[in-house]
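Listed here are the chains, written in short residue letters.
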Amino acid sequence: MSTEPLAAQAVAEGESPELRHDWTRAEVEAIYRTPVPELVFRAQTVHRQFHAPDRVQTCQLLSIKTGGCPEDCAYCPQSAHYDAPVDRQGLLDPEHVVSVARDAAARGVTRFCMGAAWRQAPEGREFEKVLEMVRGVSSLGLEVCCTLGMLKEEQAQQLKEAGLSAYNHNLDTSPEFYGSIITTRVYEDRLKTLAAVRKAGITVCCGGILGMGERETDRIGLLQQLAALRPHPESVPINMLVRVEGTPLANMPALDPMEMVRAIATARILMPASRVRLAAGRKQLSPEAVTLCFLAGANSIFVGEKLLTTPNPGPDEDYQLLEKLGMQPLESHAV
Ligand code: SAM
Ligand code: DTB
Ligand code: SF4
């Protein structure tokens, strides 16, 4: 398979001219393999040109529809193909979702992300309910993000009209490794949904997962694909695999945290204006490793006891760490 970015033909939209989308695999590899002190220095230098170095965005996730997903993503406890300890739950009531978002806003969170275990966003009454959730959360003054699986252009348009700020849809890994992790859809399906999201004027949240047994070259390939998207995804979540019992990846060896540091620093250098999120997997990282990820250019985290179905560090632990580092959550504009 060619290692040239599949997304290179996407349409550019009002983006800063100094941002590049044509990074070659060799260039990305050279950055990724730079000695860590030099790599972190480069990432910091770029970071400071685009972002305040002491600010971190805090985001909260909520699973609005849990489990029973027809896709076979090998990492995912919500796939119906595996027997993970996740209780299935139908679509939540919009009022309940908005009340959870209101509590999150009161704690200073600035972005609320609703996730659903669907292969594709449904049509009809369930989609109407999602639109109601988006309208409700957006009226709280929060950035609203959804991740509902594949989207059609009309659905993306309706979500935009309801006030959706961002749509999360991850490429997860390199095109070459993708088929070893998911067989029920292809890389191009993901790119199509990302294009529909862009066309509707919704910002893109797109990243991947490390620690699934991929090679270093797959991590490099993922980063190259992300940087080839035009414009770059405004938000780039870098997840460390949460190994869940019952999934095919439950017994993967633990990822060396330095791979997270290298991947985050590389993402920061390739996509300087984007928010790079240290996403799933923080519970397995020491405070020192998290600190290194911040130094490497991560400027967003998920807060709250739970991600979608798996545990996340508690708020006390997180706010204590930020305070110790002299870092501050982005200010909330919630009403
Ligand atoms: N079903 C939709 C989809 O796949 O696009 C949305 C929900 S899905 C749970 C959102 C993302 O969560 C996935 O793309 C994957 O990157 C991430 N994810 C799921 N399980 C994970 C795990 N065990 N560890 C790390 N990230 C995970
Ligand atoms: C993303 O990249 N990570 C989040 C969010 N986007 C939707 C999801 C992480 C899920 C971790 C496994 C779980 O809690 O089920
Ligand atoms: Fe379904 Fe999304 Fe989980 Fe894949 S990652 S099994 S699409 S919920």
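The model shown is predicted, which means the values in this text are computed figures rather than measured ones.

Another aspect to go through is the overall build of the protein. A tally of helices and strands in the protein yields 11 helices and 10 strands. Its C-alpha radius of gyration of 18 Å places the protein within 12% of the 20 Å reference for a compact globule of 335 residues. Its C-alpha atoms give the protein principal-axis dimensions of roughly 50 × 45 × 45 Å. Relative to its full complement of 335 residues, the protein shows a buried share of 57%. A sequence separation of at least 24 residues applies to 76% of the contacts in the protein between residues at least 6 apart. Carbon and sulfur atoms provide 52% of the accessible area of the protein, an area that totals close to 14000 Å². The positive charge centre, built from 34 side chains, and the negative charge centre, built from 42, are 1 Å apart in the protein.

The subject of this paragraph is the environment of Cys 206. You can see Cys 206 is positioned in the loop between strand 5 (203-205) and strand 6 (208-210). For Cys 206, a relative accessible area of 0% gives the class buried.

So, on to the nonpolar core. Counting residues in each nonpolar core, the largest one holds 97 residues, and the members touching the most others are Ile 64, Tyr 75, Phe 112, Met 114, Leu 148 and Leu 159. The element that contributes the greatest number of residues to this core is helix 9 (residues 257-270), accounting for eight residues. With sequence-adjacent residues up to four places away left out, Leu 159 is seen in contact with Phe 127, Val 130, Leu 131, Val 134, Leu 148, Leu 151, Leu 164, Tyr 167 and Ile 202.

Within strand 2 (residues 111-116), six of the six residues are buried, which leaves the element mostly enclosed by the surrounding structure. The alternating pattern of strand 2 places Arg 111, Cys 113 and Gly 115 and Phe 112, Met 114 and Ala 116 on opposite faces, both of which are buried. In this structure, strand 1 (residues 55-65) lies alongside strand 2, joined through six bridges in parallel fashion. Within strand 2, the position partnered with Leu 61 by the bridge is Cys 113. Considered for its hand, the β-α-β crossover made up of strand 1, helix 3 (residues 94-106) and strand 2 is right-handed.

Moving on: the pattern of salt bridges. Across all of its chains, the model carries 15 salt bridges by this definition. For the salt bridge of Glu 29 with Arg 33, the shortest nitrogen-to-oxygen distance reads 2.9 Å. Beyond isolated ion pairs, a larger network of salt bridges with shared partners links Arg 20, Asp 22 and Glu 27.

Neighbouring ligand 3 are the residues Cys 69, Glu 71, Cys 73, Tyr 75, Cys 76, Ser 79, Ala 117 and Arg 185. Here the residues of the shell around ligand 3 are counted per class, giving five nonpolar, one polar and two charged.

In this section: the site of ligand 2. Taken together, 13 residues surround ligand 2, and among them Asn 170, Asn 239, Leu 308, Thr 309 and Thr 310 come closest. Within the side chain of Asn 168, an N or O atom sits 3.3 Å from a nitrogen atom of ligand 2. One of the side-chain nitrogen or oxygen atoms of Thr 309 is found 2.6 Å away from an oxygen atom of ligand 2. For ligand 2, the protein covers 88% of the area, taking 410 Å² as the surface of the free molecule.

Another point: the packing of aromatic side chains. Evaluation of the coordinates by the stated rule reveals one aromatic pair. Here the aromatic rings of Tyr 178 and Tyr 187 are separated by 5.1 Å at their centres, their planes lie at 85 degrees, and the arrangement is edge-to-face. Take Tyr 187: its relative accessible area is 4%, and that puts it in the buried class. One Lys or Arg, Arg 20, reaches over the ring of Trp 23 and ends 4.1 Å from the middle of that ring.

Thresholds, definitions, all that
Residues numbered from 1 in each chain as written. Chains lettered and ligands numbered in written order. Predicted model: local features only at pLDDT ≥ 70, side-chain atom pairs only at ≥ 80, totals over all residues. Heavy atoms only, no water. Helix = DSSP H or I, 4+ residues; strand = E, 2+ residues; numbered from the N terminus. Rg over C-alpha atoms; globule rule 2.2 N^0.38 Å. Buried < 20%, exposed > 50% of the residue type's maximum accessible area, 1.4 Å probe, protein only. Contact = heavy atoms within 4.5 Å. Areas by Shrake-Rupley, 256 points an atom, 1.4 Å probe, with all protein chains shown as cover. Lys, Arg positive; Asp, Glu negative; His and termini not counted. Charge placed at Lys NZ, Arg CZ, Asp CG, Glu CD. Core = buried A, V, L, I, M, F, W, Y, C linked by side-chain atoms within 4.5 Å. Pairing = 2+ DSSP bridges. Right-handed = clockwise from strand over helix to strand, strands pointing away. Salt bridge = Lys/Arg side-chain N within 4 Å of Asp/Glu carboxyl O. Near = heavy atom within 4 Å. Nonpolar A, V, L, I, M, F, W, Y, C, P; charged D, E, K, R; others polar. Polar contact = N/O pair within 3.5 Å; in protein donor to acceptor, adjacent residues only side chain to side chain. Phe/Tyr/Trp six-rings, centres within 6.5 Å; stacked < 30°, edge-to-face > 60°. Lys NZ or Arg CZ within 6 Å of the ring centre and 35° of its normal.

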